[in-house]
Amino acid sequence: MQYDVIVVGSGQAGVPLAARYANQGRKTVLIERDQLGGTCVNRGCTPTKTMVASARAAHVARNAARLGVRAGEVHVDLAAIVNRKNAIVNQWREGIVKRLTRAGDGLDVVQGHGRFSGPGEIAVNGKRYSAPTIVVNVGARPSDPNIQGLDSVAWLDSTSIMELTEIPEHLVVLGGGYIGCEFGQMFRRFGSKVTIVNRGPHILDREDEDVSEALEEVFRTEGIALRTEVEVVSVARSGPGVRVTLADDSTIDGSHLLVAVGRSPNTENLGCEEGGIALDKRGFIRVDERYRTSAEGVYAVGDVTGGPQFTHTSWDDHRILYDLLECGNGKTRTARDRLVPYAVFTDPQVARVGLSERDARKQGIAYELASMPFAHIARAIELDETAGIVKILIDPKSEKILGATIAGLEAGELIHVFVAMIQAGATARAIVDAEAVHPTLAEGLQSTLLKLERYSVT
Ligand SMILES: Cc1cc2nc3c(=O)[nH]c(=O)nc-3n(C[C@H](O)[C@H](O)[C@H](O)COP(=O)(O)OP(=O)(O)OC[C@H]3O[C@@H](n4cnc5c(N)ncnc54)[C@H](O)[C@@H]3O)c2cc1C
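None of the values given here were measured: they were computed from a predicted structure.

Caption draft 1: Inspection of the site of the ligand at higher detail. By nearness alone, 40 residues border the ligand, and Glu32, Thr39, Lys49, Asp303 and Ser314 come closest of all. One nitrogen or oxygen atom from the main chain of Cys40 is found 3.2 Å from an oxygen atom belonging to the ligand. When the ligand is considered free in solution it has 1,000 Å² of accessible area, and contact with the protein chains removes 97% of it. Sorting the residues of the shell around the ligand by element identifies strand E2 (28-32), helix H2 (38-42), helix H3 (45-62), helix H5 (178-190) and helix H8 (311-327) as the ones contributing at least two each.

Caption draft 2: Seen up close, the side chain of Lys85. Within the secondary structure, Lys85 is located in helix H4 (residues 78-102). At a separation of 2.9 Å, a polar atom in the side chain of Lys85 contacts the side chain of Asn86. Once residues lying within four places of it in the same chain are set aside, the contact partners of Lys85 are Pro47, Thr50, Met51, Met162 and Glu163.

Caption draft 3: Structural detail: helix H11 (residues 411-424). Taking 1.5 Å of rise per residue, the 14 residues of H11 would be expected to cover 20 Å, and the 20 Å separating its terminal C-alpha atoms lies within 8% of that figure. Buried residues of H11: Ala411, Gly412, Leu414, Ile415, Phe418, Val419 and Met421, and no others. On its buried side, H11 packs onto strand E18 (342-344), strand E19 (349-354), strand E21 (389-394), strand E22 (401-408), helix H12 (429-432) and helix H13 (443-449). Where H11 ends, the next residue or the one after it, Gly425, has phi of about 70°, a positive value.

Caption draft 4: Up close: the nonpolar core. Ranked by size, the top nonpolar core spans 36 residues in total, and within it Ile161, Phe187 and Phe190 carry the most contacts. Those elements giving two or more residues to this core turn out to be H3, H4, strand E9 (170-174), H5, strand E10 (193-198) and helix H6 (209-221). A total of 6 residues in this core trace back to one element, the largest contributor, which is H5. Ignoring anything within four residues of it in the chain, the contact list for Ile161 reads Leu156, Leu171, Phe183, Phe187 and Leu258. Of all hydrophobic cores here, the second largest spans 29 residues; its members include Ala343, Ile401, Ala404 and Phe418.

Caption draft 5: Here's a closer look at the sheet that holds E18. Strand order across the open sheet formed by 5 strands is E18-E19-E22-E21-E20, with antiparallel pairing between neighbours. The outermost strands of the open sheet, each flanked by one partner alone, are E18 and strand E20 (368-373). Neighbouring strand axes in the sheet, compared pairwise and without regard to direction, differ in orientation by 10° on average. Judged from the 3 bridges that link them, E18 and E19 form a sheet pairing that is antiparallel. Residue pairing across strands places Val344 opposite Val350, the latter belonging to E19. Its contacts with the sheet place H6 against E19, E21 and E22, and it is angled at close to 165° to E21.

Caption draft 6: Representation of the pattern of salt bridges within the structure. This structure, assessed with the given rule, holds 33 salt bridges. Between Glu274 and Arg115 there is a salt bridge, with its nearest N and O atoms 3.1 Å apart. Here Glu274, found in helix H7 (residues 272-275), pairs with Arg115, found in strand E4 (residues 115-118); they are 159 residues apart in sequence, far enough to count as distant. For Arg115, a relative accessible area of 29% gives the class partly exposed. Here Arg336 and Glu289 are joined by a salt bridge, their closest N and O atoms 3.2 Å apart. Of this pair, Arg336 sits in the loop between H8 and E18 while Glu289 sits in the loop between H7 and strand E17 (298-300), and the two are 47 residues apart along the sequence.

Caption draft 7: Local environment of the sheet that holds E10. Read across the open sheet, the 4 strands follow the order E11-E10-E9-E15; overall the sheet is parallel. The sheet is open, and its two edges are formed by strand E11 (225-228) and strand E15 (256-259), each paired on a single side. With direction set aside, neighbouring strand axes in the sheet form an average angle of 15°. Bridge count for E10 against E11 is 4 bridges, and the pairing is parallel. Residue Thr195 lies in a different strand from E11, and its bridge partner there is Ala225. The strands touched by H5 are E9, E10 and E15; relative to E10, the strand with the most contacts, the crossing angle is about 165°.

Caption draft 8: Spotlight on unusual backbone geometry. With an omega dihedral of 5°, the bond running from Asp347 to Pro348 counts as a cis peptide bond. Within the secondary structure, Pro348 sits in the loop between E18 and E19. Geometrically, the link from His438 to Pro439 is a cis peptide bond, its omega value of -5° lying close to zero. Within the secondary structure, Pro439 sits in the loop between H12 and H13. Phi is positive for Asp249, close to 75°, though the residue is something other than glycine. Summarising the element assignment, Asp249 is placed in the loop between strand E13 (241-246) and strand E14 (251-254). Overall, the relative accessible area of 66% leaves Asp249 in the exposed class.

Definitions and limits used
- Residues numbered from 1 in each chain as written.
- Predicted model: local features only at pLDDT ≥ 70, side-chain atom pairs only at ≥ 80, totals over all residues.
- Heavy atoms only, no water.
- Near = heavy atom within 4 Å.
- Polar contact = N/O pair within 3.5 Å; in protein donor to acceptor, adjacent residues only side chain to side chain.
- Areas by Shrake-Rupley, 256 points an atom, 1.4 Å probe, with all protein chains shown as cover.
- Helix = DSSP H or I, 4+ residues; strand = E, 2+ residues; numbered from the N terminus.
- Contact = heavy atoms within 4.5 Å.
- Expected span 1.5 Å × (residues − 1).
- Buried < 20%, exposed > 50% of the residue type's maximum accessible area, 1.4 Å probe, protein only.
- Core = buried A, V, L, I, M, F, W, Y, C linked by side-chain atoms within 4.5 Å.
- Pairing = 2+ DSSP bridges.
- Axes fitted to C-alpha atoms, helices over the stretch in contact; angles between N-to-C directions.
- Salt bridge = Lys/Arg side-chain N within 4 Å of Asp/Glu carboxyl O.

Written out as structure tokens, the structure reads:
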């Protein structure tokens, strides 16, 4: 069957692209093998953040006495939490169906696994679809690491852990990245004993050491055991649970095991060879800054390209690709010249945009660092939410913001101050000279910059 546009995968880029093309009158087909909406809606951001909210409610209730409020004993009903999560996920799925329905007759949605059957051609359920433009948005899935004995135990991944309806007695988490940290803290707050095992010296080890340490302090205070800088050697069944053996010969006995050690691209059965699509060593689709794959007319967007794996990045990919295809090369942004902020939804959240101090040092970039503990922010003290740190790097010559990292309450919101500033090419003075509302957390960003001698008011 001949189409103008084929989109494989209904992820964060695939749905809006397919809808926009169909709205424009192009004959479009969207191919999806699972639930519409991809990882974010079904297995990623939406369900996790819904459950993180429940975990925070339990934490706040348990600690209310610190603010002079005595609540009764806290009972966590995991089945109710999972039901609420499922209801919200369903709401989003229905929203996607409505959006695609609104796109009209120009859009066909085909349920099934898509696979290149030749250049410019995709086979689904025994039928073949051709188009001059094919967009691959097939995403990624939890990696299945090669650990001795892993096959012999019933381990959980980031999807299956959200279906548990009974609280694990002792959850052992392999991986101290953002997924391991979010689930680790979530289940600790639900009432599990939690141990996080991480190969690197710190959890969230892409961040500066002092940022990771700020989160580690909170995790330890909440009773999460951290085993860092250690490899897992093997995993074995131990009674009804699991025994994890580490490289230093120590063992951890848990009731449940969550493996969160990265994500692998969904390219293994995509017929990339038949389609002439080149992959990198890790199996991600190779693309240039205009999302062009090695095959004429075939583009790839989102997690499958091996770039930053965030919902907002995939969504932004769709906008850039659409503009590139519709406005022509050279007249629009590309994947190379954009800013990618992110947040980790632990409590406190950790958010960053631009350079970290470690990046700046590694790349030999001159910087001035303004840094302040979150505990120095008046609003944070009033709210009893003092954990964290603010770090802002500026260019010593131009005073432009090079990067900012915030570990602290609502860091995911606060970071947007710097996203907007960097995007606008503004200097730090724009924050310094502004009148900040008191008492707010954002006021703390100005206070942090005032620590620099050049802006000092003391
Ligand atoms: C636990 C977890 C929490 C996360 N939290 C956040 C967060 O807080 N913020 C954030 O920005 N990001 C978060 N992410 C990452 C985010 O979900 C992804 O980066 C985002 O979904 C982008 O994915 P995508 O558009 O590349 O593809 P996806 O959303 O993965 O969609 C790909 C789609 O393609 C389909 N598909 C695959 N192969 C085929 C095929 N051959 N034929 C047909 N269909 C196919 C899949 O079924 C899927 O529906 C989280 C991820 C996880 C796992």
